[in-house]
Amino acid sequence: MSLKDLNRSLWVFHVNSGSCNGCDIEIVATLTPRYDIERFGMKLVGTPRHADVLLVTGPVTRDMEKKLRRVFDQTPDPKVVMVIGNCGSTGGVFYESYNLVGPVDRIIPVDVYVAGCPPRPEAIIEGVVKVWAKLEKRGEKK
Amino acid sequence: MIEALQAIALIPVVAIVGIFISLLFKGIDRILAARMQARIGPPLSQPFIDVKKLFMKENIVPKNSVKWLFEIMPIVSLTASLVVLLYVPLFGFKPLLDGYGDLILVIYLFAIPSLAMVLGGFASSSRYATIGAQREMVTMLSYEFPLAISIIAIAWVISKTGTCIPAFSLGTIFTIPVWGLVGPIGFLGLVLLSLVMLFVMPGEIGTVPFDAPEAETEIGGGVLTEYSGRNLALFYISSSVKTIAFAALIVALIIPWNISNILLLGGTGAIVADALFFLAKLFIVVFVGSTFVRVAIARFRITQIVKIYWGYASLAALFGLLLIAIDLSWMV
Ligand code: SF4
């Protein structure tokens, strides 16, 4: 029962908290045969109940705050949150906009940030590797 | 008495071997699917890693669900899938519980994992799961008819070989290859029925293109939406066991030959050769019936599933039955 078992089988769930859709399309590109993330045992799932990793895009609009928190709570432990894109990390181009409550780490705890507007698929895959490293460290501590 | 005790002692062995082989086949299936899409694909052990991970995850039971039903259904599903394995011929041997149940029982047992999923979906009180459960029921109603026709036709052919042999018993069916019992017209009919059975397979085990009940891109996982952790793992194992159980049934019905008498082997050599040959046959059926179709065709809508199974597949099966009827009436 260590977190090490998790890192070769990461099932990801994608949450859009108000992004411009650029990052979402990059996530879809990451799932294509060209990048083949199934090599690492990753899989896109349709419900937070099956997920290990939440991929959050977008700067969290006022409307999405509660929903994001709820999706986070719906995900079974142990879980990891990855923020994809500048918006989610800092606010990006929407910084200090009147209808933002984000960035994401004000709402839910974030483990890995992937910068870029939008980040390339390679960057997203690198983020996943960071998740592995993080999980391994946590597993050692336990 | 001693035989019965032996059978009971073998039950856990069959269960463990069955789970192991089914997960292995799932790994092969995923690698082959990846190769067909010009990808590298996951390692062979991926399904084992997935299951291990799911077992260590938190198991959430939704607040509004019917808790006992929600919790018990994954176990029911897995048990039913494993029980099927005891009634189908595996590795070139007679079914473990031969004489205690026949084809009709097997068909009913195959319905139980799907029913368990339906009940679990309804019990979870999620709207997505409810839609998925309804779709699952509709799919089940659609594929049952062509499947029943095919199986009854084969049993019918076998019943003509002599009086008072148990034609529906899988122990009999797998010792008498049906292909030798019919003339050219009946042969055509059997080919048609075999194709229908292979075509029913993805519906029965719920893979693409007939996975509308679990469509994760439109209804978020369907029947399994609310399942997580241990319960999800049980459903995962159950569906892969069901895959090889159904493939083993098809093997017993349409490619029942053993290789040992062709190679003129005896003793242990024969057992090993037959077991390996069985795995090869099983692999061919899983590949044709599941992997290939899964990669080649995109998901059907639920209306299309009904039309395909009730319309085309049933018509094809009835036509095959007709051909066999003509053939059998000529032979008399
Ligand atoms: S980071 Fe850029 S591409 Fe991504 S959602 Fe924000 S604005 Fe769009």
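For the structure itself, look to the data block above.
The paragraphs below set out a description of the structure included in this document. Worth saying up front: this structure is predicted, and the values here are computed from it rather than measured. (Residues numbered from 1 in each chain as written. Chains lettered and ligands numbered in written order. Predicted model: local features only at pLDDT ≥ 70, side-chain atom pairs only at ≥ 80, totals over all residues. Heavy atoms only, no water.)

What follows deals with the overall build of chain A. For chain A, the helix and strand inventory stands at 4 helices and 5 strands. Walking chain A from its N terminus toward its C terminus, one meets helices and strands in the order β-α-β-β-α-β-α-β-α. A compact globule built from 142 residues would reach a C-alpha radius of gyration of about 14 Å, and chain A, at 14 Å, matches this within 12%. Dimensions of chain A, computed from the C-alpha atoms along their principal axes, are close to 45 × 35 × 25 Å. Among the 142 residues that make up chain A, the fraction classed as buried is 55%. When contacts within chain A are restricted to residue pairs at least 6 apart in sequence, long-range pairs at least 24 apart make up 83% of them. On chain A, roughly 6,800 Å² of surface is accessible, and the fraction owed to carbon and sulfur atoms is 54%. In chain A, 20 positive and 17 negative side-chain charges are present, and the distance between their average locations comes to 3 Å. (Helix = DSSP H or I, 4+ residues; strand = E, 2+ residues; numbered from the N terminus. Rg over C-alpha atoms; globule rule 2.2 N^0.38 Å. Buried < 20%, exposed > 50% of the residue type's maximum accessible area, 1.4 Å probe, protein only. Contact = heavy atoms within 4.5 Å. Areas by Shrake-Rupley, 256 points an atom, 1.4 Å probe, with all protein chains shown as cover. Lys, Arg positive; Asp, Glu negative; His and termini not counted. Charge placed at Lys NZ, Arg CZ, Asp CG, Glu CD.)

Turning next to unusual backbone geometry. That bond from A:Cys117 to A:Pro118 is cis: its omega, -10°, falls within 30 degrees of zero. Mapped onto the fold, A:Pro118 is located in the loop between strand E5 (112-114) and helix H4 (121-141). The phi dihedral of B:Ser125 falls on the positive side, at around 65°, and the residue is not glycine. Within the secondary structure layout, B:Ser125 lies in the loop between helix H4 (103-123) and helix H5 (127-159).

Residue and element names in this part refer to chain A. Spatially, the 5 strands line up as an open sheet ordered E2-E1-E3-E4-E5, and their pairing is parallel. Two strands lie at the open edges of the sheet, namely strand E2 (43-44) and E5, each paired on one side alone. Where strand E4 (residues 80-84) meets E5, 3 bridges bridge the pair, whose relative direction is parallel. Opposite Met-82, over in E5, you have Val-112 as the bridge partner. Sheet strands in contact with helix H1 (residues 22-30) are strand E1 (11-16), strand E3 (53-57) and E4, and its direction is about 140° off that of E3. (Pairing = 2+ DSSP bridges. Axes fitted to C-alpha atoms, helices over the stretch in contact; angles between N-to-C directions.)

The subject of this paragraph is the site of the ligand. Residues and elements named next belong to chain A. Taken together, Ser-19, Cys-20, Gly-22, Cys-23, Gly-85, Asn-86, Cys-87, Val-93, Gly-116, Cys-117 and Pro-118 make up the full set of residues adjacent to the ligand. Among the elements of the structure, H1 and helix H3 (86-90) are those that each provide at least two residues to the shell around the ligand. Taken together, the residues of the shell around the ligand sort by class into 6 nonpolar, 5 polar and no charged. (Near = heavy atom within 4 Å. Nonpolar A, V, L, I, M, F, W, Y, C, P; charged D, E, K, R; others polar.)

All names here are of chain B. Remark: H4 packs on H5, axes separated minimally by 8 Å, with the N-to-C direction vectors making an angle of 170°. One finds that H4 runs roughly antiparallel with respect to H5. Here H4 contributes Leu-103, Ile-107, Ala-111, Ser-114, Leu-115, Met-117, Val-118, Gly-121 and Phe-122 to the contact with H5, which in turn contributes Ala-129, Thr-130, Ala-133, Gln-134, Glu-136, Met-137, Met-140, Tyr-143, Glu-144, Leu-147 and Ile-151. Here the contact of H4 with H5 is composed, by residue class, of 14 nonpolar, 4 polar and 2 charged. (Parallel < 35°, antiparallel > 145°, perpendicular 65-115°, else oblique.)

Here the focus is the side chain of B:Ser81. All names here are of chain B. Its location among the elements puts Ser-81 in helix H3 (residues 67-87). Residue classification places Ser-81 among the buried residues on the basis of a relative accessible area of 1%. With sequence-adjacent residues up to four places away left out, Ser-81 is seen in contact with Pro-113, Ser-238, Val-241 and Lys-242.

All names here are of chain A. Of all 5 residues in E3, 5 are buried; the element is thus mostly enclosed. Both faces of E3 are covered, namely the face carrying Val-53, Leu-55 and Thr-57 and the face carrying Leu-54 and Val-56. Both E1 and E3 contribute to a ladder of 5 bridges, which runs parallel. Bridge assignment links Val-15 to a residue of E3, and that residue is Val-56. Two elements, E3 and E4, share 5 bridges in a ladder whose sense is parallel. Across the sheet, Thr-57 pairs through a bridge with Ile-84, a residue of E4. Each parallel crossover has a hand, and the one from E3 via helix H2 (residues 65-74) to E4 is right-handed. (Right-handed = clockwise from strand over helix to strand, strands pointing away.)

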